[in-house]
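# Working through the structure, step by step
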Amino acid sequence: MKKFNLLITFLILFGTFLNLQSQNKFSNRKINNLKNQASQLVENDKKMTQVMVDKVFSFSELGFQEFETSKYLTNILEENGFEITYGISGIPTAWMASWSNGTEGPTIALGSDFDGIPVSSQYPGVAFHKPIIEGAPGHGEGHNSGLPVVMTAAFSVKKIMKENDIQGKLVIWPGVAEEQIGSKAWFVRDGYFDDIDMCIFTHVSTNMSVSWGKATGTGLISVEYTFEGETAHSAGSPWRGRSALDAAELMNIGWNYRREHLHPDQRSHSIFTDAGDQPNVVPSKASIWFYIRNITYEGIMENYAKANKIAEGASLMTDTNFSSRILGTAWPRHFNKIIAEEMYENIKNVGLPNWSENDQILAKAVQKELGLNPNGLAKSLSKIGKPLPYNVSGGSDDIGDISWKVPTVTLRFPSNIPNVTFHHWSSAIAMATPIAHKGANAGAKVVAMTTLDFLLKPHKLDEAQDYFENIQKKETTYRPMISEDDPPAIYLNKDIMNQYKDQLKEFYFDETRYDNYLEQLGIDYPVIKKDK
């Protein structure tokens, strides 16, 4: 029996050796030729990329409600031979699409977010505030461009893998409800990244860049506190009531007083999600929703514990009861050095898009409208991002949870205008224009080339894994902020989308009738304010 087990072990190791040898058969010259071929395939597919960018822009769907977006993108993936697993982690708009060649080789995940922003409806290519639908959601961050980038890249890599007998597996996935940081921790918890070897993520930006090591910004925990009291007539017998709204307000006041004595690296914000029904009825129920951010997991959980105590105090002061629910989490991000360095070489090879005069006119007009220096679009590449010797606080992204599960980087690609305000209508202006299309095309080339690097250079994937296991994980140990019993908050944004859905449908991009979304909307690109 012992000899049999040794034989089986030998055969497995020998099979792995043969596979590595087959992947190693490609010389550096051949690899570079294949990467150039991938870049050209992406260029050939730029019309497809443009249509996807414009179509997703027109859907304008908020987090957890990306139904039209998911249906549209998964149909394209299925048409291109990908198998789809729908509804992962109990999220209706979440899915994973996979395609494999052979049974060996690495599994590489390619992902991006695709949700929009409330109250950011905006005509693209118009350099001032002009909502398509007043008050409606839109793509006021530019998430409409990310999945078109990775899908275009994946299709080119798939073709090359088939033609050159390159073994491996490609997995494409969406960051659902990133603005609510509501899905990626659930994907990790539920095992969807257990068999992934590395992840290339993308995010819209104003230059082409990648970083490694501890990222700037924060992680966070998103928590809603709900207080319950007793109703009464607010004028006739207020002494019989116990106001849940008083409790929620006291929690808000308590947190704001405590904020003075928190470290400056923290960020925290809140809104009231339920404040009662009408003034003459003492509110029996009220809720307040917090984002609690810090640059470390430990700092997040320490402040979360403080918030829980303040909630308890508010409950005691008002003789009410309270409960809390985690709606989202995001770990502080750490990106892989080896993958980032390989990717940056491809960034240098691809370079920035060739911006037209009209592209620059739009960008400068938007910057002027916002009171900024009208410097236009980026003209030189960013340097590779490296860890800083000091902390920089700021925003969060739940790609952090993925980055602590598998070696990960985020490519930032240049589809937006420098210095616009994100989560704002100004960030939607460029996102269905040639600026977004050119940036997505360039980003897809970088993703395709980097994917081929790690399919064809097994030693580089080994180095990435070594960095992940022996350098990154020395910093801290990943501990999920959610439990097995925490469900995803899939009800979020449902009411907003129901309010605007029918109006938005009238503006869905019809690629069978129009070349681009600007044409459909009747926009003579670019539209700028005339000087008085």
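Whatever comes next refers back to the structure up there.
To start, this report covers the structure provided alongside it. Sequence order sets the numbering: in each chain, residues are counted from 1 along the sequence as written. Two thresholds apply to this predicted model, a pLDDT of at least 70 for residue-level local features and 80 or more for giving and counting side-chain atom pairs, whereas whole-chain, interface and lining totals are computed over all residues. With hydrogens and water set aside, each side-chain value is computed from the structure's full complement of heavy atoms.

## Thoughts on the pattern of salt bridges
Any carboxyl oxygen of Asp or Glu that lies within 4 Å of a side-chain nitrogen of Lys or Arg is treated as forming a salt bridge with it. In the structure shown here, the tally under the stated rule is 25 salt bridges. Notably, a salt bridge pairs Asp398 with Lys184, separated by 2.5 Å at the nearest N-O pair. Placement of Asp398 in the loop between α10 (357-369) and α11 (399-403) and of Lys184 in helix α6 (residues 184-189) is noted, with a sequence separation of 214 residues between them. The residues Asp398 and Lys184 share a single accessibility class, namely buried. Residues Glu469 and Lys473 are paired through a salt bridge, measuring 3.4 Å at the closest nitrogen-oxygen approach. Residue classification places Lys473 among the partly exposed positions, given a relative accessible area of 35%. Strands here are runs of E lasting at least two residues and helices are runs of H or I lasting at least four, both read from the DSSP assignment and numbered beginning at the N terminus. Each residue is placed in one exposure class: buried if its accessible area under a 1.4 Å probe, protein chains only, is under 20% of its type's maximum, exposed if it is over 50%, and partly exposed if it falls in between.

## A short note on helix α2 (residues 28-44)
In an α-helix, one turn spans 3.6 residues; hence positions three or four apart end up facing the same way. Here α2 spans 24 Å end to end across 17 residues, near enough to the 24 Å set by a 1.5 Å rise per residue. Those residues of α2 that fall on the buried side of the exposure criterion are Ile31, Leu34, Lys35, Ala38, Ser39, Leu41 and Val42. Considered in projection along α2, the buried side chains sweep an arc of 160 degrees and stay on one side of the axis. The exposed residues of α2 that point more than 90 degrees off its buried face are Arg29 and Asn44. If you follow the buried residues of α2, they end up packed against α3 (46-59), α5 (146-163), α9 (337-350) and α12 (434-456). To estimate how far a helix should reach, multiply one less than its number of residues by 1.5 Å. The arc in question is formed by the directions pointing from the helix axis toward the C-beta atoms. For this analysis, residues touch if any pair of their heavy atoms sits within 4.5 Å.

## Considering the sheet that holds strand β2 (residues 95-101)
At least two bridges found by DSSP between two strands is the condition for calling them paired. Strand order in the open sheet formed by 6 strands is β1-β2-β4-β3-β5-β12, with mixed pairing between adjacent strands. Two strands close off the open sheet at either side, each with one partner strand: β1 (83-86) and β12 (408-414). On average, each strand axis in the sheet is tilted by 20 degrees relative to the strand beside it, whichever way the strands run. Bridge count between strand β3 (residues 107-113) and strand β4 (residues 168-175): 7 bridges; the pairing is parallel. Among the inter-strand pairings, Leu110 is bridged to a residue of β4, identified as Ile172. Against the sheet, α12 contacts β3, β4, β5 (198-205) and β12, and its axis sits at roughly 150 degrees relative to β12. Fitting a line to C-alpha atoms yields each axis, with helices limited to the stretch in contact; the angle taken between N-to-C directions then spans 0 to 180 degrees.

## Observations concerning the environment of Ile482
With respect to the secondary-structure elements, Ile482 resides in the loop between α13 (458-470) and α14 (494-505). What makes Ile482 buried here is its relative accessible area of 8%. The spacing of Ile482 and Ile221 is 261 residues in sequence and 9.2 Å in space, taken between C-alpha atoms. In contact with Ile482, not counting residues within four places along its chain, are Ala185, Trp186, Arg189, Ile326 and Thr329.

## Regarding the packing of aromatic side chains
Note on ring pairs: Phe, Tyr and Trp rings are taken, using the six-membered ring of Trp, and paired if centres are within 6.5 Å. Classes follow the plane angle, with under 30 degrees stacked, over 60 edge-to-face and the rest tilted. Within the structure shown, the criterion is met by 16 aromatic pairs. Seen in terms of ring centroids, Phe59 and Tyr72 are 6.0 Å apart; in terms of plane orientation they differ by 70 degrees. Their pairing is edge-to-face. Remark: Tyr72 occurs in helix α4 (residues 67-79) and Phe59 occurs in helix α3; sequence separation between them is 13 residues. We note that Phe59, like Tyr72, is buried. Geometrically, a charge over a ring is one whose NZ (Lys) or CZ (Arg) sits within 6 Å of the ring centre while staying within 35 degrees of the ring normal. When the ring centre of Tyr123 is taken as origin, the NZ or CZ atom of Lys130, which lies over that ring, is 4.7 Å away. Here the guanidinium or amino end of Lys337 rests over the ring plane of Trp212, the centre of that ring lying 5.2 Å away.

## Things to note about the packing of α9 against α12
Relative to each other, α9 and α12 sit at 135 degrees, their axes nearing to 9 Å. Put simply, α9 runs oblique to α12. You can see that α9 and α12 cross each other, and the crossing is right-handed. Here α9 contributes Ile338, Ile339, Glu342, Met343, Asn346, Ile347, Asn349 and Val350 to the contact with α12, which in turn contributes Ala442, Lys445, Val446, Met449, Thr450, Asp453 and Phe454. Throughout this entry, Asp, Glu, Lys and Arg are counted as charged residues, while Ala, Val, Leu, Ile, Met, Phe, Trp, Tyr, Cys and Pro are counted as nonpolar. The remaining residues, Gly among them, count as polar. Looking at the contact of α9 with α12 residue by residue, the classes come out as 9 nonpolar, 3 polar and 3 charged. Any angle from 65 to 115 degrees is called roughly perpendicular, while one under 35 is roughly parallel, one over 145 is roughly antiparallel, and all others are oblique. With the far helix as reference, a near helix turned anticlockwise by less than a right angle produces a left-handed crossing, and one turned clockwise produces a right-handed crossing.

## A short note on the sheet that holds strand β7 (residues 219-228)
The strand order across the open sheet built from 4 strands is β8-β9-β7-β10, with neighbouring strands paired in antiparallel fashion. Of all strands in the sheet, those bounded by a partner on one side alone are β8 (267-274) and β10 (321-330). Between one strand and the next, the sheet's axes are offset by a mean angle of 20 degrees, whatever the strand orientation. Bridge analysis of β7 against strand β9 (residues 285-294) gives 10 bridges, and the strand direction is antiparallel. Bridged to Glu224 within β9 is Trp289. Taken strand by strand, helix α7 (residues 244-259) contacts β7, β8 and β9, and its axis lies near 20 degrees from that of β9. Contacts from helix α8 (residues 297-318) reach β7, β9 and β10 within the one sheet, and its direction differs from that of β7 by about 10 degrees.

## With respect to the nonpolar core
Considering soluble globular proteins, one finds that nonpolar side chains tend to be buried as a cluster. Residues Phe82, Ile172, Trp173, Tyr225, Phe227 and Met251 are the most contacted members of the largest nonpolar core, which totals 161 residues. Here this core gets 12 residues from one element, more than from any other, and that element is α12. Contact partners of Ile172, with chain neighbours within four places excluded, come to Leu77, Phe82, Trp95, Met96, Ala97, Leu110, Leu147, Val150, Met151 and Ala154. Among buried residues, the Ala, Val, Leu, Ile, Met, Phe, Trp, Tyr and Cys ones that are joined through side-chain atoms within 4.5 Å form a nonpolar core.

## Thoughts on α9
The end-to-end C-alpha distance of α9 is 20 Å, a good match for the 20 Å that 14 residues give at a rise of 1.5 Å each. Of the positions making up α9, those classed as buried are Ile338, Ile339, Ala340, Glu342, Met343, Tyr344, Asn346 and Ile347. For α9, the elements touching its buried residues are α2, β5, β12, α12 and α13. Taken from the residues just after α9, Gly351 is the one with a positive phi, measuring 75 degrees.

## Notes on unusual backbone geometry
Looking along the chain, the bond that leaves Tyr525 and enters Pro526 is cis, with omega of -10 degrees. Its place among the elements puts Pro526 in the segment after α15 (517-521). Positive phi, normally seen in glycine, also occurs at Asn419, with a value near 70 degrees. One can find Asn419 in the loop between β12 and α12.

## A closer look at the side chain of Thr226
Within the fold, Thr226 resides in strand β7. For Thr226, a relative accessible area of 12% corresponds to the buried category. Polar contacts, as used here, are pairs of N or O atoms within 3.5 Å; protein pairs need one atom able to donate a hydrogen and one able to accept it. Residues neighboring in sequence count only if both atoms are side-chain atoms. Polar contacts involving the side chain of Thr226 include one to the side chain of Ser287, which spans 2.8 Å. If we ignore the near neighbours within four places in the chain, the residues touching Thr226 are Lys285, Ala286, Ser287, Asn321, Phe322 and Ser323.

All we've got here are geometric facts, nothing functional implied.
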